[in-house]
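# Chain and residue survey
Chain residues, written in single-letter form:
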Amino acid sequence: MQQRIIFIDGAMGTMIQRYKLTEADFCGERYANHSHELKGNNDILVITRPDVIYDIHMQYLEGGADIIETNTFNGTTISQADYELQAPEEVFLINKSAAELAKKATAAYMAAHPGERKFVAGAVGPTNKTLSVSPSVENPAFRGITYDEVSRICVVGSASA
């Protein structure tokens, strides 16, 4: 890191779109009878189509990325509520699986390229709740959600892998 610029991977969503996945791909066996449509919930692909996410990680590593991000941009209870997957155990599974998968990809890459170091970073995207503005006019200091709440599940999931 002291000798050259470090590169991080790129957009996961557009890479996933190249695979033209169907609702069945997003549901997999685990969510085959789920009550809501899951297509577009890219984070659950670490559970239902880990081969796709692993392949994307490897493409970024082969392309020169030094750091790959976990596929957890929407891996929060807030974001997963859009798909009725906000249960803490589901969100934890997404984050844990994503961290394990990214670590597996970096380990495989480093085994094939001795001497190279690759890293995994946990990704946390925006939610539909703001962290910076109070939803309460009467209490401007109040926050409907905190950064700690949003980031905690990602840290726990990543640390578990």
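Shown above is the structure to which this text applies.
The rules behind each value
Residues numbered from 1 in each chain as written. Predicted model: local features only at pLDDT ≥ 70, side-chain atom pairs only at ≥ 80, totals over all residues. Heavy atoms only, no water. Salt bridge = Lys/Arg side-chain N within 4 Å of Asp/Glu carboxyl O. Helix = DSSP H or I, 4+ residues; strand = E, 2+ residues; numbered from the N terminus. Buried < 20%, exposed > 50% of the residue type's maximum accessible area, 1.4 Å probe, protein only. Contact = heavy atoms within 4.5 Å. Phe/Tyr/Trp six-rings, centres within 6.5 Å; stacked < 30°, edge-to-face > 60°. Lys NZ or Arg CZ within 6 Å of the ring centre and 35° of its normal.

### Section: the pattern of salt bridges
Counting across every chain of the model gives seven salt bridges. Salt-bridge contacts for R30 lead to E90; the nearest nitrogen and oxygen are separated by 2.9 Å. A residue pair is termed long-range when its members are at least 10 positions apart, and R30 in the loop between α2 (23–27) and α3 (45–48) and E90 in helix α6 (residues 88–112) qualify at 60 residues. A salt bridge links K118 to D66; the nearest nitrogen and oxygen atoms lie 3.5 Å apart. Residue K118 is found in the loop between α6 and β2 (119–121), and its partner D66 is found in the loop between α4 (50–62) and β1 (67–69); the two are separated by 52 residues along the sequence. As far as burial versus exposure is concerned, K118 and D66 are alike and both buried. The structure contains a network of salt bridges with shared partners spanning R4, D66, E116 and K118.

### What about the environment of T106?
Of note, T106 is situated in helix α6. The sequence separation of T106 and A141 amounts to 35 residues, and the corresponding C-alpha distance is 42 Å. Residues in contact with T106, not counting those within four places in the same chain, are L61, I68, K118, F119 and V120.

### What to know about the packing of aromatic side chains
All chains considered together, the criterion is met by zero aromatic pairs. The ring of Y54 has K104 lying over it, and the distance from NZ or CZ to the ring centre is 5.3 Å.

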